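# Examination of the molecular architecture
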Amino acid sequence: MKTWIIRGATLLGALVFGWVLYVLLEPLGYAWVVWTLGCFVVGFFVTELVLRTRKRSGERADWARWKAALLDPPARRRAIGELRRAQERARRLGPRLVIRQARVAVALAELELADGKSDAAIRTLSKVDVSLLDPLQAVIVRVARAQAYLHGGDVDGAAATLIPLEGETTGDAVLDASLALARGAVALEEGRVDEASAAAASIVEAAEPHDELWDEAKALEAACLAASAEPHAPSLEAIHDVGRRRLAALGSARVRALIEAMSQP
């Protein structure tokens, strides 16, 4: 929005300047100067718009490719290299690209988790200064860090990461659900099984069946049942194969152990 306001103000200023210049030069027979300058200005704005559109299209393709690489080891390693270079470029350009730094860090950390490198994912996310982010982006990074700690089995690290978000909601349904699941996973590891089970049930009820949040909630539900010595296989079997593969790559240490045990003959 800020960019468009600046563009609008610049264009308005150029129009006012052009009108004043036309009033001054037209009686002298130099109106063509104004029209020439106007063509240059319009050409500049059109060129900038085309270049920005192409850049956004390329970025969307990159994000889609990086996401698709999650469960493909060779593509994942290439994507990790690309994202590390993108992260370094964004960091060199300083705080003005802090939102891009955060987005790249979250994407990179997810791929590092899928590669079995939870410590690397934690380091990647720790490089993001959440104090420079808006509240929504800060929550995204904190939730990603908590998930990275849970992936490595570090419950204390996950709990400490979520402390600043205690009692907080964002108003974004998907992010609030991810936050609730992270809190539920920590609660389960700390022995508060009923609290974790309630978190899982609320997301299962609210989420679209077989989307990523639903899969994560069903996995947490299975982990709660296992912790209570109840049969948990139906909860895991309800998750489609792709969802289980994703959880086997990104899930908490407890969830990954359950999925691995389920896959044993």
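Description of the structure in this document. Quick caveat: nothing in here was measured; it's all calculated off a predicted structure.

### As for the overall build of the protein
Helix and strand content of the protein: 13 helices and 0 strands. Secondary structure of the protein in N-to-C order comes out as α-α-α-α-α-α-α-α-α-α-α-α-α. Expressed as a percentage of its 265 residues, the buried residues of the protein come to 38%. Here the protein has roughly 15300 Å² of accessible surface; of this, 60% comes from carbon and sulfur atoms.

### A closer look at the packing of helix H8 (residues 173-189) against helix H9 (residues 193-206)
Here H8 crosses H9 at 155°, and the two axes come no closer than 7 Å. The orientation of H8 relative to H9 falls into the category roughly antiparallel. Classified by chirality, the crossing of H9 by H8 is left-handed. Where H8 abuts H9, its residues Ala177, Ala180, Leu181, Gly184, Ala187 and Leu188 lie against Val193, Glu195, Ala196, Ala199 and Ile203. For the contact of H8 with H9, the per-class residue count stands at 9 nonpolar, 1 polar and 1 charged.

### Some details on helix H5 (residues 118-126)
Among all positions in H5, only Ser118, Ala120, Ala121, Ile122, Thr124 and Leu125 are buried. Of the surrounding elements, those touching the buried residues of H5 are helix H3 (73-92), helix H4 (98-114) and helix H6 (135-151).

### Quick word on the nonpolar core
Of all hydrophobic cores here, the largest spans 45 residues; its most connected members are Leu83, Leu125, Leu133, Val141 and Leu162. Mapped onto this core, the elements with two or more residues apiece are helix H2 (31-68), H3, H4, H5, H6, helix H7 (155-162), H8 and helix H12 (241-250). No other element matches H4, which puts 10 residues into this core. In terms of nonpolar packing, the next biggest core, distinct from the first, is built from 24 residues, Ala177, Leu213, Leu247 and Val255 among them.

### Some words on the pattern of salt bridges
One pass over the structure, following the stated rule, counts 13 salt bridges. Between arginine 254 and glutamate 189 there is a salt bridge, and its shortest N-O distance comes to 2.8 Å. Here glutamate 189 lies in helix H8 and arginine 254 lies in helix H13 (residues 253-263), a separation of 65 residues in the sequence. Judged by relative accessible area, which is 29%, arginine 254 ranks as partly exposed. Its relative accessible area of 28% is what places glutamate 189 among the partly exposed residues. Taken together, the shared-partner salt bridges connect Lys67, Glu212, Glu216 and Arg246 into one network.

### Structural notes on the side chain of serine 235
Structurally, serine 235 is set in helix H11 (residues 233-237). Residue classification places serine 235 among the buried residues on the basis of a relative accessible area of 6%. In this structure the side chain of serine 235 is engaged in a polar contact, spanning 2.8 Å, whose partner is the side chain of glutamate 221. With residues near it in sequence (within four places) discarded, serine 235 still touches Lys218, Glu221, Ala222 and Leu225.

### Here's the deal with unusual backbone geometry
Even without being a glycine, histidine 210 presents a positive backbone phi close to 75°. In this fold, histidine 210 is placed in the loop between H9 and helix H10 (212-227). Residue histidine 210 is classed as partly exposed on the basis of its relative accessible area of 34%.

### Things to note about the side chain of serine 178
Relative to the elements of secondary structure, serine 178 occurs in helix H8. For serine 178, the contacting residues outside a window of four places in its chain are Val143 and Leu213.

### With respect to H3
Spanning 20 residues, H3 covers 29 Å between terminal C-alpha atoms, matching the ideal 28 Å at 1.5 Å per step. Every buried residue of H3 is listed here: Ala75, Arg76, Ala79, Ile80, Leu83, Ala86, Gln87 and Ala90. The arc enclosing the buried residues of H3, seen along the axis, measures out at 140°, which places them on a common side. Exposed and oriented more than 90 degrees from the buried face of H3 are Arg78 and Arg92.

### Brief notes about the environment of serine 202
Note that serine 202 resides in helix H9. The partly exposed category is assigned to serine 202, whose relative accessible area is 37%. Spatially, the C-alpha atoms of serine 202 and alanine 177 are 8.9 Å apart, while their sequence positions differ by 25 residues. Separated by 2.8 Å, the side chain of serine 202 and the backbone oxygen of alanine 199 make a polar contact.

### Things to note about the environment of threonine 161
By secondary structure assignment, the location of threonine 161 is in helix H7. A sequence separation of 14 residues divides threonine 161 from glutamine 147, and the C-alpha atoms of the two residues are 9.7 Å apart. Apart from residues no more than four positions distant in its own chain, threonine 161 is found in contact with Arg142, Arg145, Ala146 and Tyr149. Among the polar contacts listed, one links the side chain of threonine 161 to the backbone oxygen of glycine 157, at a separation of 2.8 Å.

Scoring rules and cut-offs
- Residues numbered from 1 in each chain as written.
- Predicted model: local features only at pLDDT ≥ 70, side-chain atom pairs only at ≥ 80, totals over all residues.
- Heavy atoms only, no water.
- Helix = DSSP H or I, 4+ residues; strand = E, 2+ residues; numbered from the N terminus.
- Buried < 20%, exposed > 50% of the residue type's maximum accessible area, 1.4 Å probe, protein only.
- Areas by Shrake-Rupley, 256 points an atom, 1.4 Å probe, with all protein chains shown as cover.
- Axes fitted to C-alpha atoms, helices over the stretch in contact; angles between N-to-C directions.
- Parallel < 35°, antiparallel > 145°, perpendicular 65-115°, else oblique.
- Left-handed = near helix turned anticlockwise from the far one by under 90°.
- Contact = heavy atoms within 4.5 Å.
- Nonpolar A, V, L, I, M, F, W, Y, C, P; charged D, E, K, R; others polar.
- Core = buried A, V, L, I, M, F, W, Y, C linked by side-chain atoms within 4.5 Å.
- Salt bridge = Lys/Arg side-chain N within 4 Å of Asp/Glu carboxyl O.
- Polar contact = N/O pair within 3.5 Å; in protein donor to acceptor, adjacent residues only side chain to side chain.
- Expected span 1.5 Å × (residues − 1).
- Arc of directions from axis to C-beta.

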